[in-house]
Each structure stands twice: as C-alpha cells, then as structure tokens.
Amino acid sequence: MEFNIKQIQETNAFACLECGKCTGVCPVARHSKTFSPRSILIKSIRNSHPDALKGSDLWSCLTCQQCDTICPSHIRYIDFMQLIRQFVGVTNQDATCSHGGIVDSILKIMTTPNLQQQRMDWITKDYQTTASGDYLYFVGCLPYYDVLFSSLEVHPLNIARSTIKILNYLDIQPQVLPNEKCCGHDFYWNGDLKNFKILAEQNLEQIRNSGAKQVITACPECYRTLKVEYAKFFGKTGFEVQHISEFLAVRLKDKHIPLKTEKLSACYHDPCRLGRHLGIYDAPRGVLSKLSGLTLNEMAHHHQRAICCGVTGWMNCSQISKQIQTHRLREAQATGSDILITSCPKCQIHFQCALLDKQLKEEIHFTIKDLVEVVAENLN
Ligand code: SF4
Ligand code: SF4
Ligand code: SF4
C-alpha cells in the first residue's frame, strides 16, 4: 500500500502545530511512557516509510477520537490513523491480535463467499422474527462472542434476545439474516481494507435482497460501519440504519416502563463509536428516562469527554488497557450506582474482563449491563 499524500492531506495532518494537546488528552498516553499521538503523526509525515514507524505502537491507538475534540488544527486523527495503518500493513510487528488472534481468524473465515454459518440457534420460539418485512435486525458478531467470552460471565446473545424482545413489544417482527457476516469494522480500523470490502459487499447484497428499508443494530461499531463506511465506499445503500437507542428514543417516547425493582441507581458509559464518532448522547439517556424509578448519575467523564473501554478491534490489549478500564470502572463506582449501563457489547466484554482482577472486583459493587438488557428485563 502506498503512502497516499492526498488522502493524508484531507485529514489535515500536515497542519499539525506539534502542540501536544492530543497527547495530553489521550487515554493511552495517560498510562504509557512511550505512546504519543503527536510524535506518531510527525514521524509519519516527515518520513513516509513504514520503517520510520517501527515501535510506535500504531495499533495501541483506540481510534477513540478524544484527540480530535481538542486539536486546534482540526486534524481528523482517527482517519489519519486508519490510513497510516493501511500504509504500514496489519502484518507489522507492532500489531498484536488479542486472544491469540482467534477473533481475527473467525472474521477472515467469514470472508469466504459460500460459507454457511449456524448462527440462528439462539432465536427460540419466544422471539418473533419474520422472513420478509421492512425491519432488519443486524446482530453482528454476538453469536461468536457468546461462545468466545463465556468465561468472563458475559452473555452477549442476551443483548440480541433483549433487542428482539423489545421490538416484539413494539409489535415489530424483524428479519434476521441467517448468513449475516461481520460488518467489517475491525478490518477497516486495523487497516485491512481488502477484507473489510469483501465482508461489506456480502452484507450489502444480503440486506438489499431482504428488501428491508430499516436496519436496526444494538452495536455502535456495526452502526457506524453500515451507516458511514458502507456509504463511503459503495455509495447509496438503499436502506436506513439506526442504533437501537435512536430507534427506541422515538418509539418509547410516550411510554413509561415501571421498574420491576423498587428503584435503580445507574450510570451510563458513552461508547466512543456512538458518542464522539456519531454524536449520539441523548438517545440512550432518553430511553433510560422511560424507566420509572431509575435514577441516572453521570460519571466524572461523560458525553464528549467519556473515556474509552480500553481496547479497539481486539488489538494490542495490554496492561495499559487494564489501567484505562480500571480508571473508568472506578469513575462508575464513585457515582454510587447499582449498575453501569452501556450500549456496546464490546465495552461490556472489556469491562467485565477487567473484573477478573480480584482486587478490583472486591472494590466494585455494581453490575454491568447493556441498555437493551435493562429495558427488556423490565417489560412484562
Ligand atoms: S493536537 Fe493537533 S496540532 Fe496539536 S500536536 Fe496533536 S495533532 Fe498536532
Ligand atoms: S484516537 Fe484516542 S487513543 Fe488514539 S491517539 Fe487519539 S486520543 Fe489517543
Ligand atoms: S480486555 Fe478485551 S481484548 Fe483485552 S483480554 Fe479482556 S476481553 Fe480480551
């Protein structure tokens, strides 16, 4: 992959003032003695050779967009990072796939065009779906995560079941694609454009053939990828995409759902892709306000300043990821909440993983759940 100066220019990277404000707000730099977004950018544009970036921890950047919010030159750092990763190549020694690369391997297997997956077993007779219709629920990789991360006491398929339960409550029977593929988010952000495009083309064909007009997802990464990246690379998709929180903020507008417990004190973690990337802060909070008896507390960092869950694209999970997660979980603990609610399956997995640390687990007195799980379990 060549160093594409025109594309790099479009991110405004050449306007860098070397002020270091990005490094000042970066959650990775906060815990690392060596990681510096400023110096990665400067090295990249001064010496457009992949070797110049050796040891720069390119894949430790969370593409969380925290730096973009403060950069005085309005540099689109995450787009710059995505381009640099494409240029350097994901086979680079600085890229370490977590869990021995098993997720990456599964995603690569999914690029096989005629692959037949068994990914619908979780839809029991309690959940109503349909073979045609305007609404399509894009499940994402939850059936795989449910197996891969079962030892972490997380149940990602509970997010999928809860989503369908809520849609059924609203008299909607969604389509679910029996051979849906990963949206390609991780390939895209890790710089593997070839595999991203293969998955995207397969999903686009399936969604278009379904005839659905509205795609709903409970994953901010699927949401961003289907809405932004598919349109960017393939033009008009022919369907609308919404995160479940946006959809419910409208559909539950006139409803009040009484809690099954007397009261619940909660704090909400803004996932980077939903919040900073796409500006959706009010919708999930609006949905929570429909639960009568739930009190919402804000953490020290919330909305645009929310801290990332510590890992992106299953890359370079390290001691620094754990420190970021610990910091965030302690912020949640400081609110005195009974529950930490997020609306991203991966945030839940990474936070729950941090609780494998016995000392931290003793300190933390709240449970971690997804927004849809909390809504669904309070429906009759
Ligand atoms: S904040 Fe922006 S201008 Fe300042 S060093 Fe970082 S990228 Fe450069
Ligand atoms: S995107 Fe996030 S992790 Fe990456 S350099 Fe910017 S602030 Fe740091
Ligand atoms: S934090 Fe996430 S990526 Fe890191 S080991 Fe745990 S589950 Fe894996």
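All of these numbers come straight from a predicted model, not from anything done at the bench.

Focus: the domain arrangement of the chain
1) Next: Domain boundaries assigned for the chain yield domain 1 (5-88), domain 2 (98-249) and domain 3 (253-377).
2) Next: Using only C-alpha atoms to locate each centre, domain 1 and domain 3 end up separated by 28 Å.
3) Next: Taken residue by residue, the interface counts 15 residues in domain 1 and 18 residues in domain 3.
4) Next: Roughly 1300 Å² of surface becomes buried between domain 1 and domain 3 when both sides are summed, with 56% attributable to carbon and sulfur atoms.
5) Next: One can count zero salt bridges joining domain 1 with domain 3.
6) Next: The tally of links from domain 1 across to domain 3 stands at seven residue pairs in polar contact (both at pLDDT 80 or more).
7) Next: Residue contributions to the side of domain 1 that touches domain 3 peak at four residues, all from helix 3 (residues 27-31).

A look at the packing of helix 10 (residues 193-210) against helix 11 (residues 220-234)
1) Next: Across the interface, helix 10 lies against helix 11 with an axial gap of 11 Å and an inter-helix angle of 105°. If you check the angle between helix 10 and helix 11, you find them roughly perpendicular. Counted together, Leu193, Phe196, Lys197, Leu199, Ala200, Glu201, Asn203, Leu204 and Ile207 of helix 10 and Thr225, Leu226, Glu229, Tyr230, Phe233 and Phe234 of helix 11 form the full contact between these two elements.
2) Next: Along the lines of polarity and charge, the residues of the contact of helix 10 with helix 11 split into ten nonpolar, two polar and three charged.

Side note on the site of ligand 3
1) Next: Looking at ligand 3, the residues that line it are His99, Leu152, Val311, Trp314, Cys317, Lys322, Gln325, Ile349, His350 and Cys353.
2) Next: Element by element, the count of residues in the shell around ligand 3 is highest for helix 15 (residues 345-354), at three residues.

Here we look at the site of ligand 2
1) Next: Near ligand 2 you find 13 residues, and of these Cys26, Cys61, Leu62, Cys64 and Cys67 are the closest.
2) Next: Of all the secondary structure elements, the ones that give two or more residues to the shell around ligand 2 are helix 3 and helix 5 (77-88).
3) Next: The residue inventory of the shell around ligand 2, partitioned by class, reads ten nonpolar, three polar and no charged.

Structural notes on the sheet that holds strand 3 (residues 240-243)
1) Next: Strand order in the open sheet formed by three strands is 1-2-3, and the pairing between neighbours is parallel. What marks the edges here is a single partner per strand, and that holds for strand 1 (135-138) and strand 3. Looking at each pair of strands side by side, their axes are set apart by 25° on average, direction ignored.

Some words on the sheet that holds strand 8 (residues 339-342)
1) Next: The strand order 7-5-8-9 describes an open sheet built from four strands, whose pairing is parallel. A strand with exactly one partner marks an edge of an open sheet, and here the two such strands are strand 7 (294-297) and strand 9 (367-370). Sheet twist, expressed as the mean angle between neighbouring strand axes with direction ignored, is 35°.
2) Next: Where strand 5 (residues 264-269) meets strand 8, four bridges bridge the pair, whose relative direction is parallel. In the strand pairing of strand 8, His269 is matched with Thr342.

Examining the packing of helix 4 (residues 37-46) against helix 5
1) Next: At their nearest, the axes of helix 4 and helix 5 sit 12 Å apart, and the two run at 55° to each other. By the angle between their directions, the pair helix 4 and helix 5 is classed as oblique. You can see that helix 4 and helix 5 cross each other, and the crossing is left-handed. Of the residues in helix 5, those in contact with Pro37, Ile40, Leu41 and Ser44 of helix 4 are Tyr77, Phe80, Met81 and Ile84.
2) Next: Its residues assigned to classes, the contact of helix 4 with helix 5 shows seven nonpolar, one polar and no charged.

Digging into the environment of Thr34
1) Next: Of note, Thr34 is situated in the loop between helix 3 and helix 4.
2) Next: Look at Thr34 and you get exposed, because its relative accessible area is 65%.
3) Next: Thr34 sits 21 residues away from Gly55 along the chain, and the two C-alpha atoms are 9.5 Å apart.

Here's the deal with the pattern of salt bridges
1) Next: Applying the stated rule across the entire model yields 14 salt bridges.
2) Next: Residue Glu221 is joined to Lys346 by a salt bridge in which the shortest nitrogen-to-oxygen separation is 2.6 Å. A residue pair is termed long-range when its members are at least 10 positions apart, and Glu221 in helix 11 and Lys346 in helix 15 qualify at 125 residues. Across this residue pair, the class does not change: Glu221 and Lys346 are buried.
3) Next: It is possible to trace a salt-bridge network through shared partners that takes in Glu18, Arg38 and Arg46.

Details of the nonpolar core
1) Next: Grouped together as the largest cluster of nonpolar side chains are 77 residues, with contacts concentrated most on Tyr137 and Ile341.
2) Next: Ranked by size, the runner-up nonpolar core spans 33 residues in total, among them Leu53, Cys67, Ile75 and Ile324.

Observations regarding the packing of aromatic side chains
1) Next: For the structure on display, the rule yields ten aromatic pairs.
2) Next: When the centroid spacing of 5.4 Å and the interplanar angle of 65° are considered together, the rings of Tyr145 and Trp314 count as edge-to-face. Note that Tyr145 is positioned in helix 7 (residues 142-148) and Trp314 in the loop between strand 7 and helix 14 (319-334), a separation of 169 residues in sequence. Each member of the pair Tyr145 and Trp314 is classed as buried.
3) Next: Connected via pairs of aromatic rings, a cluster forms that spans Tyr188, Trp189, Phe196, Tyr230 and Phe233.
4) Next: For Arg273, the ring lying beneath its charged end belongs to Trp189, and the centroid distance is 5.1 Å.

Each value, and the rule that gives it
- Starting from 1, residues in each chain are numbered consecutively following that chain's sequence as written.
- Each chain takes a letter, starting from A, and each ligand takes a number, starting from 1, following the order in which they are written.
- For a predicted model such as this one, the threshold for reporting local features is a pLDDT of at least 70, and the threshold for listing and counting side-chain atom pairs is 80 or more; totals across whole chains, interfaces and linings nevertheless cover every residue.
- Where side-chain values are given, they derive from all heavy atoms of the structure, hydrogens and water being excluded.
- For each domain, the first and last residues come from an automatic or database assignment.
- Note on contacts: a residue pair qualifies if any of its non-hydrogen atoms lie within 4.5 Å across the two residues.
- In this description, buried area is defined as the sum, over both parts, of the accessible area (probe of 1.4 Å) that is lost when the two are combined.
- Here, a salt bridge means any side-chain nitrogen of Lys or Arg that lies within 4 Å of a carboxyl oxygen of Asp or Glu.
- Here a polar contact means two N or O atoms within 3.5 Å. Within protein one must be a hydrogen donor candidate and the other an acceptor candidate, and residues neighboring in sequence count only if both atoms are side-chain atoms.
- Per the convention used, a helix needs a DSSP run of H or I reaching at least four residues, while a strand needs a run of E reaching at least two, with both numbered from the N terminus.
- Orientation is described by axes fitted as lines to C-alpha atoms, over the contacting stretch for helices, and by angles from 0 to 180 degrees between their N-to-C directions.
- In what follows, roughly perpendicular refers to angles from 65 to 115 degrees, roughly parallel to angles under 35, roughly antiparallel to angles over 145, and oblique to any angle outside these ranges.
- Under this grouping Gly is polar, as are all residues other than the nonpolar Ala, Val, Leu, Ile, Met, Phe, Trp, Tyr, Cys and Pro and the charged Asp, Glu, Lys and Arg.
- If even one non-hydrogen atom of a residue comes within 4 Å of a molecule or strand, that residue is called near it.
- Note: two strands are recorded as paired if DSSP finds a minimum of 2 bridges between them.
- Rotating anticlockwise by less than a right angle from the far helix to the near helix defines a left-handed crossing, while the corresponding clockwise rotation defines a right-handed one.
- Type-normalised accessible area, obtained with a 1.4 Å probe on protein chains alone, sets the label of each residue: buried when under 20%, exposed when over 50%, and partly exposed for intermediate values.
- In plain words, nonpolar cores are sets of buried Ala, Val, Leu, Ile, Met, Phe, Trp, Tyr and Cys residues tied together by side-chain atoms within 4.5 Å.
- Ring pairs shown here join Phe, Tyr and Trp side chains whose ring centres sit within 6.5 Å, with only the six-membered ring taken for Trp; geometry is labelled stacked below 30 degrees between planes, edge-to-face above 60, and tilted in between.
- Geometrically, a lysine NZ or arginine CZ counts as sitting over a ring once it is within 6 Å of the ring centre and also within 35 degrees of the ring normal.

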